[in-house]
Amino acid sequence: MAASSEISDGDNAVELIVCDVPAFSSAGSNGDAANDAADSLSDEIAPLLKQPAEKPKINIFSVSYSRRKARDHVIKVPESEAQVSQLILWLWGGSRYSGMLCVALSSSIYFSMEVVSDVFAAQSIPLFETAFARCTILLVLSFLWLRRTGQPIFGPPHARKLLILRALMGYLSLLSFIYCVQRLPLPQAIVLSFTTPIMASIAARIAFLEKLKIADIAGLACNFFGVLFIFRQSFTAQGELVKAGSASAANLKGMHYVYAILAGLFSSVTGGISYCLIKAGSKACDQPVTTVFSFGILASPAALVCMFIFEEFVLPELRSLFLMLLLGGLAFLAEVFLARGLQLEQTSKAANFQYVEAAFTELWGIASSTIVPSFGGLIGCLLILASVGCTIYIGPDKDIE
């Protein structure tokens, strides 16, 4: 309902219109309209104010898991084991010195094998039988390692030629070294075997164009002279036997001696080439254990054939069998760390750390009273340790691919 009134004042006129609002009226039929409007407004606001009576549906995205229960199921690793794992990872590749440290650890493991052999003396086992046992353990452990890590057993196709050559050169080096040990006194055979790092550095200079700095050459020379000082007393004693015409020195005369020397040098040359192939194969496969497996798969059956051809089989006792298994496991670790060190580090610097074994052996002999202390032996140990210390101080160079 609307009412209008007009007010005029001369020329100006004002019209006033008043309208009634039904929604806010409280009389008559307008009261029903107001109630309907209020009900509609409350219906619109109610979903925002009221909680649903039914429980919401639960799916996998809305389930909340208790954090306390999850913590109860977590297996806590002991702190000591965690520290050992971190140390191994750091040693394997977490430091710029990892290559040097891996080769040093490999030489230390070889030294520990000598200590175990001396402490737990067992029956004498022929050389080819010992070689067959160790190569078989290398083959089995490297196979299990590769299967567990999901790596290809025979390596990628582009690296198989390198792996075959590595296995061939490695076994030729082993075969000629065994011949050298059988024909020469052990100190002389060991000295010839320590020319392998020098041959490896020369081969790496030719094959990989690695730089041979004056410091690297001086380090290798210092280490080799240290080995000569350590075994000088053994050479002197052997020379006295030759002059006295001892029957045990009969093999040191004639062409057999020359052949044994040549076999030792051939072992060093093939060993040096094998080091370069280990380096190339490890980089091509991105897995140093593959080079160990390739060597074992050739050397194990070859050593078995040589064992039956050149020697008589000796059934090992239980103590000797356990010792062979232990030494085989240590040899596997030593070969793996050696391959890893060659993979990471320049060959000449990595080869320097292999002489640590000679220094540790001499010091162990003096400590255990199996070797009489000598001035030459102490000088040799100091030369080797000083050379290794200088190599660490200079630090690793950037490797040349």
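Data block above holds the structure.
Residues numbered from 1 in each chain as written. Predicted model: local features only at pLDDT ≥ 70, side-chain atom pairs only at ≥ 80, totals over all residues. Heavy atoms only, no water.

A. Looking closely at the overall build of the protein. When its secondary structure is counted, the protein shows 16 helices and two strands. The buried share among the 401 residues of the protein stands at 38%. Long-range pairs, those at least 24 residues apart, make up 83% of the contacts in the protein between residues at least 6 apart in sequence. (Helix = DSSP H or I, 4+ residues; strand = E, 2+ residues; numbered from the N terminus. Buried < 20%, exposed > 50% of the residue type's maximum accessible area, 1.4 Å probe, protein only. Contact = heavy atoms within 4.5 Å.)

B. Quick look at the nonpolar core. With 19 residues, the main nonpolar core has Tyr-171, Phe-295 and Phe-332 as its most contacted residues. For this core, the elements supplying multiple residues, two or more each, are helix 5 (127-149), helix 6 (160-183), helix 12 (289-310) and helix 13 (318-344). Top contributing element to this core by residue count: helix 12, with eight residues. (Core = buried A, V, L, I, M, F, W, Y, C linked by side-chain atoms within 4.5 Å.)

C. Representation of a nonpolar patch on the surface within the structure. Taken together, Phe-154, Leu-165, Leu-168, Ile-297 and Leu-298 make up a surface patch of nonpolar side chains, about 430 Å² in accessible area. When residues of the nonpolar patch are traced back to their parent elements, those giving at least two are helix 6 and helix 12. Looking at where Leu-298 falls in the secondary structure, it is placed in helix 12. Classification of Leu-298 as partly exposed rests on a relative accessible area of 32%. (Patch = residues over 30% accessible without salt bridge, like charges linked within 9 Å, V, L, I, M, F, W, Y side chains within 5 Å. Areas by Shrake-Rupley, 256 points an atom, 1.4 Å probe, with all protein chains shown as cover. Salt bridge = Lys/Arg side-chain N within 4 Å of Asp/Glu carboxyl O.)

D. Spotlight on the packing of aromatic side chains. Throughout the structure, instances matching the rule amount to seven aromatic pairs. Seen in terms of ring centroids, Trp-92 and Phe-337 are 5.9 Å apart; in terms of plane orientation they differ by 75 degrees. Their pairing is edge-to-face. Of this pair, Trp-92 sits in helix 3 (residues 79-93) while Phe-337 sits in helix 13, placing them 245 residues apart in sequence. Under the relative-accessibility criterion, Phe-337 is labelled buried at 15%. Geometrically, the ring pair formed by Phe-128 and Phe-310 is stacked, given 6.0 Å between the ring centres and 25 degrees between the ring planes. One end of the pair, Phe-128, is in helix 5; the other, Phe-310, is in helix 12, with 182 residues separating them in the sequence. Since its relative accessible area comes to 6%, Phe-128 is described here as buried. Residue class for Phe-310 comes out exposed when judged on its relative accessible area of 59%. Among the aromatic side chains, those forming a connected cluster through ring pairs are Phe-143, Phe-154 and Phe-293. We note Arg-96 situated over the ring of Tyr-97; from NZ or CZ to the ring centre the distance is 5.1 Å. (Phe/Tyr/Trp six-rings, centres within 6.5 Å; stacked < 30°, edge-to-face > 60°. Lys NZ or Arg CZ within 6 Å of the ring centre and 35° of its normal.)

E. Seen up close, the environment of Val-336. Following the sequence through the fold, Val-336 ends up in helix 13. Measuring from C-alpha to C-alpha, the distance between Val-336 and Val-103 comes to 9.5 Å, with 233 residues separating the pair along the chain. Setting aside anything within four residues of it in sequence, one finds Val-336 in contact with Trp-92, Trp-145, Pro-288, Val-289 and Val-292.

F. Geometry of the side chain of Ser-274. For Ser-274, the position within the fold is in helix 11 (residues 255-285). The class of Ser-274 is buried, set by a relative accessible area of 4%. Excluding residues within four positions of it along the chain, Ser-274 makes contact with Arg-166, Met-169 and Gly-170.

G. Just unusual backbone geometry, in detail. Notably, Leu-209 is not glycine yet its phi reads approximately 55 degrees, a positive angle. Looking at the element boundaries, Leu-209 is found in the loop between helix 8 (196-207) and helix 9 (214-230). Relative accessible area serves as the criterion here: at 56%, Leu-209 is assigned to the exposed category. You will see that Ser-369, though not glycine, has its phi angle at about 65 degrees, which is positive.

H. Focus on the pattern of salt bridges. Overall, the coordinates contain three salt bridges when judged by the stated rule. Taking the shortest distance from any N to any O, the salt bridge between Arg-166 and Glu-335 comes out at 3.9 Å. Note that Arg-166 is positioned in helix 6 and Glu-335 in helix 13, a separation of 169 residues in sequence. Classification of Arg-166 by relative accessible area gives buried; the value is 4%. The salt bridge involving Glu-210 is made with Lys-279; its shortest N-O contact spans 3.9 Å. A residue pair is termed long-range when its members are at least 10 positions apart, and Glu-210 in the loop between helix 8 and helix 9 and Lys-279 in helix 11 qualify at 69 residues. Take Glu-210: its relative accessible area is 3%, and that puts it in the buried class. Among the residues examined, Lys-279 registers a relative accessible area of 2% and is labelled buried.

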